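The residues making up each chain are set out below.
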Amino acid sequence: ISLKRIRIAIEISVLFEPLNMVLHTGYHSDYYREKKYEWRKVFIEKLAELKEFAEELNLILSLENTFEPDSEFFKEVLKNIEGVFWCFDPAHARVFSKENEITWLNTLYSWLKEIHCHDNNGEVEFHLNRITAKSGNQTYHIKVDLSSLIKKTVMALAPLSYPGTQVNISIT
């Protein structure tokens, strides 16, 4: 059922002409702790099928790190399927992984396609719309106006987009 739903999502997504579609792996240590390598083997087989389907529709697939225990576990998936890329979520690496964000980046940089940025407290996943900075004993929280940030980012990237790509922004 999961594969069928992802295929449907891929079919629908191409209507919007995306450059890249990001998927989570679905791995979670609470469910697959003892069988993580067996899980990964099956996942690689099924992802290869999805990648072929996506390619037929001219869609690129990327995997976002979520609950994977370390970058090497994730790397084995990317190594085994040429043409699938990585969406780096440093906040997920910080909260859910046994490794820090820099280790993830150093290990998987050659597959990097996209970065998903948000803030958390390093212990719990909040998807905060603020940036936390520390200086000495002081902690600063900078609230991010996401609508403004998204609009500025898209406008900055628009000239770099592929020929024929249209950028329409409507933020309220």
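Above: the structure in question.
Report on the accompanying structure. (Residues numbered from 1 in each chain as written. Predicted model: local features only at pLDDT ≥ 70, side-chain atom pairs only at ≥ 80, totals over all residues. Heavy atoms only, no water.)

**So, the layout of surface pockets**
Going by this rule: Two kinds of site are reported from a 1 Å grid over the protein atoms alone, namely cavities, where a 1.4 Å probe fits but cannot get out, and pockets, open sets with protein on both sides within 12 Å along at least five of seven lines, and residues are called lining when an atom falls within 4 Å of a point. Grid points are joined across faces, edges and corners, and a volume is the space filled by probe spheres set on the points. Helix and strand definitions follow DSSP, with helices as H or I runs of at least four residues and strands as E runs of at least two, each counted in order from the N terminus.
A volume near 330 Å³ is recorded for the second largest pocket. Considering the residues around the second largest pocket, the lining is formed by 16 residues, among which S2, L3, I6, T25 and F43 are closest to the centre. At the level of secondary structure, the elements contributing two or more residues to the lining of the second largest pocket comprise α1 (2–13), β1 (21–24) and α3 (36–56). Here the lining of the second largest pocket takes seven residues from α3, the largest share from any one element.

**Side note on the nonpolar core**
Note the cut-off: Grouping buried Ala, Val, Leu, Ile, Met, Phe, Trp, Tyr and Cys residues that are joined through side-chain atoms within 4.5 Å yields what is termed a nonpolar core. Three exposure classes are used, based on accessible area relative to the maximum for each residue type with a 1.4 Å probe and protein chains only: buried under 20%, partly exposed in between, and exposed over 50%.
Core analysis: the biggest nonpolar cluster contains 25 residues, and I10, L47, L61, L63, L78 and W86 have the highest contact counts within it. If one sorts the elements of this core by residue count, α3 sits on top with seven residues.

**Side note on the pattern of salt bridges**
Rules: Any carboxyl oxygen of Asp or Glu within 4 Å of a side-chain nitrogen of Lys or Arg constitutes a salt bridge here.
Per the counting criterion, the structure on display carries three salt bridges. Across the pair K51 and E55 runs a salt bridge whose closest N-O atoms are separated by 2.9 Å. Placement of both K51 and E55 in helix α3 is noted, with a separation of four residues, approximately one turn of the helix. Residue K51 is classed as buried on the basis of its relative accessible area of 13%.

**Section: helix α6 (residues 101–108)**
Our working definition: The directions considered for the arc are those from the helix axis to the C-beta atoms. Here, two residues are considered to be in contact whenever any of their heavy atoms come within 4.5 Å of each other.
Taken together, the buried positions of α6 are occupied by E101, W104, T107 and L108. All buried residues of α6 fall inside an arc of 135° around its axis, so they share one side. Projecting away from the buried face of α6 at angles above 90 degrees are the exposed residues I102 and N106. Its buried side turned inward, α6 meets α4 (71–80), β3 (84–88), α5 (90–96) and β4 (112–115).

**Examining the side chain of S97**
Put simply, the rule reads: For this analysis, a polar contact is any N or O atom pair within 3.5 Å, provided that within protein one partner can donate a hydrogen and the other can accept it, and provided that sequence-adjacent residues contribute only side-chain to side-chain pairs.
You can see S97 is positioned in the loop between α5 and α6. We classify S97 as buried; its relative accessible area is 13%. Separated by 2.9 Å, the side chain of S97 and the backbone nitrogen of E99 make a polar contact. In this structure the side chain of S97 is engaged in a polar contact, spanning 2.9 Å, whose partner is the side chain of W104. Among residues more than four places away in sequence, those in contact with S97 are E68, P69, D70, H92 and W104.

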